[in-house]
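Below, each chain spelled out in residue letters.
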Amino acid sequence: MTATPPPSDASSMPRWTLIGPGLVAAATGVGAGDLVATLVAGAQYGYALLWAAVAGTVIKVALAEGVGRWTLASGRTVFDGWSSLPGRIGTGGRLNWATAYFAVYVVVWGFVYGAAAMSASALPLAALFPAVDLKVFAIASGLIGLGLTWWGGYRVFETVMAGLVGLMFVTVVGLAVVVAPDIPRLLTGLWPTLPEGALFYTLGLIGGVGGTITMAAYGYWLRAKGWRGAGWIRVMRIDNRVAYGMTGLFVVAMLIVGAELLHAGGVALAGGDRGLLDLGEVLAARFGPVVATAFLIGFWAASFSSLIGVWNGVSLMFADFWAHMRGRPEDDGVGADGAPAFKVYALWLTFPPMALLFMDRPVALIIAYGALGSLFMPFLAGTLIWLLNSNRVAPEWRNGWVSNALMAAAAVLFCVLAGRELVGLVSG
């Protein structure tokens, strides 16, 4: 792909014209699980943890900016960066500790995530059309995601994602307006407080906002957009901040709904994505079927945007990994969405996980998925600190103290959460 030159003065352009890959990354990262987490936080603690949702957004802005700055300043993908780290496995081997971890992670994670994403996309559709079996909607969601991945191209993909974000904005933010937030109480939630016994819950809320592996895919979407070279860093930063600002708006909106609609009434929700279906029933009883239906459409938009974002972005990362394993020459069109490995991984996300829709997911696989998933974010934060403080990038684009502080905070936070997750898995 030929790089397009950056605008001569990005700061003078309307900000909405500079949004693209960041919107894709943010929409992919904010799925039904993020909406449930902040909804439950509002239901349990009112506005007390609003600051935690905001802090989570700020941390994800710093991590995504690091991925984008590495990609544009170095001219290399994040997988190139991981490959450059020491710790080579075997004599003359192409894997090191970082790329070996990614190889195991992306296979196990993709298999389980595929089923979870298809199910999450199907839940609101099954609620809207109860005569149709949920598995039908789940399989159809996977196949549509596969079709967009194979034949859509980045421009179509970005346009679809923008449309889904628009649906999320109208429904999720509109719902927060409908429930009429108490603004003075809302503002008090910006002051950090910790409810009794809520330490790990609060840390999980901070860490859970806005995606995991798809944050590393941000750099691939920058390349697909044609943004290459350090001249695009200013544009990337605008793109990233505006997009994750919208992410923050979504999670704050859901926290408002939880605080105003559920906390005051003492309403409890089911765990997982099904909690959003419970909310739909509450909305139907309180505001009528039109508001409930609009919310379910927003629920579907959040779930399906995450599905197609993973189908596209993680497939690009896998194509890059496979090209490295084959010893490709530098910058030979890596991650092209027509590459065979790109399509193979999209198939892996779609068809094998369908088996999990018809059976209880194997315990051993769930344990492996949980362990690997809990370790990915500290892995990303730690490797970004390593890469962006090294001579792999020009001095003017290396981390400053603010970036180092935020990435270090993210690394510590995610290590604590990973440790708790692993202890829970071992203890059963």
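Residues numbered from 1 in each chain as written. Predicted model: local features only at pLDDT ≥ 70, side-chain atom pairs only at ≥ 80, totals over all residues. Heavy atoms only, no water.

A word on the overall build of the protein chain. Along its length, the protein chain carries 17 helices and 0 strands. Within the protein chain, buried positions represent 53% of all 428 residues. Within the protein chain, contacts between residues at least 6 apart in sequence are counted, and of these 83% link residues at least 24 apart. For the protein chain, the accessible surface area stands at approximately 17300 Å², while carbon and sulfur atoms represent 67% of it. (Helix = DSSP H or I, 4+ residues; strand = E, 2+ residues; numbered from the N terminus. Buried < 20%, exposed > 50% of the residue type's maximum accessible area, 1.4 Å probe, protein only. Contact = heavy atoms within 4.5 Å. Areas by Shrake-Rupley, 256 points an atom, 1.4 Å probe, with all protein chains shown as cover.)

Going through the model one piece at a time under the given rule, you end up with 4 salt bridges. Its salt-bridge partner being Glu65, residue Arg237 comes within 2.9 Å of it at the nearest N-O pair. With Arg237 in helix 12 (residues 233-263) and Glu65 in helix 3 (residues 50-74), the pair connects residues that are 172 residues apart, well separated along the chain. (Salt bridge = Lys/Arg side-chain N within 4 Å of Asp/Glu carboxyl O.)

Turning our attention to the packing of aromatic side chains. Each pair of aromatic rings is reported with the distance of its centres and the angle of its planes. This model, assessed by the stated rule, comprises 24 aromatic pairs. Between Trp97 and Trp386, the ring centres sit 6.3 Å apart and the planes meet at 25 degrees, which makes this aromatic pair stacked. In this pair, Trp97 is assigned in helix 5 (residues 97-128) and Trp386 in helix 16 (residues 363-388), connecting sequence segments 289 residues apart. For Trp97, a relative accessible area of 37% puts it in the partly exposed group. According to the relative accessible area criterion, Trp386 is partly exposed, its value standing at 37%. Between Tyr105 and Trp109, the aromatic rings sit 5.9 Å apart at their centres with planes inclined by 15 degrees, giving stacked as the arrangement. One end of the pair, Tyr105, and the other, Trp109, are both in helix 5, 4 residues apart, so they sit about a helical turn from each other. With respect to class, Tyr105 is no different from Trp109; both count as buried. Here the guanidinium or amino end of Lys343 rests over the ring plane of Trp150, the centre of that ring lying 4.8 Å away. (Phe/Tyr/Trp six-rings, centres within 6.5 Å; stacked < 30°, edge-to-face > 60°. Lys NZ or Arg CZ within 6 Å of the ring centre and 35° of its normal.)

Turning our attention to the confidence of the model for the protein chain. With 85% of its residues at a pLDDT of 70 or more, the protein chain shows a mean pLDDT of 85. Contacts of residues 331-335 to residues separated by more than four positions or lying in other chains number 8 contacts, the stretch itself having pLDDT below 50. (pLDDT = per-residue confidence, 0-100.)

Before going further, it helps to spend a moment on the nonpolar core. One finds Leu63, Trp82 and Phe376 to be the most contacted residues of the largest nonpolar core, which totals 132 residues. Looking at this core element by element, the count peaks at 17 residues for helix 14 (residues 289-325). Setting aside chain neighbours within four positions, we find Trp82 in contact with Asn96, Ala98, Thr99, Phe102, Ala216, Met317, Phe376, Phe379, Leu380, Thr383 and Leu387. (Core = buried A, V, L, I, M, F, W, Y, C linked by side-chain atoms within 4.5 Å.)

Let's shift gears to the side chain of Glu260. Positionally, Glu260 belongs in helix 12. The contacts of Glu260, once residues within four sequence positions are left out, are Tyr47, Val179, Ala180, Pro181, Asp182 and Arg185.

On to the environment of Pro86. With respect to the helices, strands and loops of the structure, Pro86 is situated in the loop between helix 4 (78-83) and helix 5. Pro86 gets classed as partly exposed once you look at its relative accessible area, which sits at 47%. Considered as a pair, Pro86 and Trp97 are 11 residues apart in the sequence and their alpha carbons are 8.0 Å apart.

In a pair of packed helices, the angle between the axes and the distance between the axes together describe the arrangement. The interhelical angle for the contact between helix 7 (residues 153-178) and helix 12, taken along N-to-C directions, is 35 degrees, at an axis separation of 8 Å. As for the relative orientation of helix 7 and helix 12, their crossing is left-handed in sense. Taking contact as the criterion, the partners of Val165, Met168, Phe169, Val172, Val173, Leu175 and Ala176 in helix 7 are, on helix 12, Met246, Leu249, Phe250, Ala253, Met254, Ile256 and Val257. Split into classes, the residues belonging to the contact of helix 7 with helix 12 amount to 14 nonpolar, no polar and no charged. (Axes fitted to C-alpha atoms, helices over the stretch in contact; angles between N-to-C directions. Left-handed = near helix turned anticlockwise from the far one by under 90°. Nonpolar A, V, L, I, M, F, W, Y, C, P; charged D, E, K, R; others polar.)

With that out of the way, let us pick up the packing of helix 1 (residues 21-29) against helix 12. At a closest axis distance of 8 Å, the pairing of helix 1 and helix 12 adopts a crossing angle of 30 degrees. Between helix 1 and helix 12, the angle is such that the two are roughly parallel. Both helix 1 and helix 12 take part in a crossing whose hand is right-handed. On helix 12, the residues touching Pro21, Gly22, Leu23, Ala25 and Ala26 of helix 1 are Asp239, Ala243, Tyr244, Met246 and Thr247. The residue makeup of the contact of helix 1 with helix 12, split by class, is 7 nonpolar, 2 polar and 1 charged. (Parallel < 35°, antiparallel > 145°, perpendicular 65-115°, else oblique.)

Take unusual backbone geometry next. Both trends apply: most residues other than glycine have a negative phi, and most peptide bonds are in trans. Residues other than glycine seldom take positive phi values, yet Ala180 does so here, at roughly 60 degrees. Here Ala180 is to be found in the loop between helix 7 and helix 8 (183-188). Ala180 sits in the partly exposed class, given a relative accessible area of 48%.

Residue placement: Thr188 occurs in helix 8. Along the chain, Thr188 and Trp51 lie 137 residues apart, while their C-alpha atoms are 9.1 Å from each other.

A few words on the side chain of Asp320. Structurally, Asp320 can be placed in helix 14. Residue class for Asp320 comes out buried when judged on its relative accessible area of 0%. A distance of 2.5 Å separates polar atoms of two side chains, one belonging to Asp320 and the other to Thr77. (Polar contact = N/O pair within 3.5 Å; in protein donor to acceptor, adjacent residues only side chain to side chain.)

Quick look at a nonpolar patch on the surface now. A contiguous nonpolar patch, built from Val54, Val58, Ile183, Leu187 and Leu190 and spanning about 410 Å² of accessible area, is present on the exposed surface. Contributions of two or more residues to the nonpolar patch are made by helix 3 and helix 8. Within the secondary structure, Val58 is located in helix 3. (Patch = residues over 30% accessible without salt bridge, like charges linked within 9 Å, V, L, I, M, F, W, Y side chains within 5 Å.)

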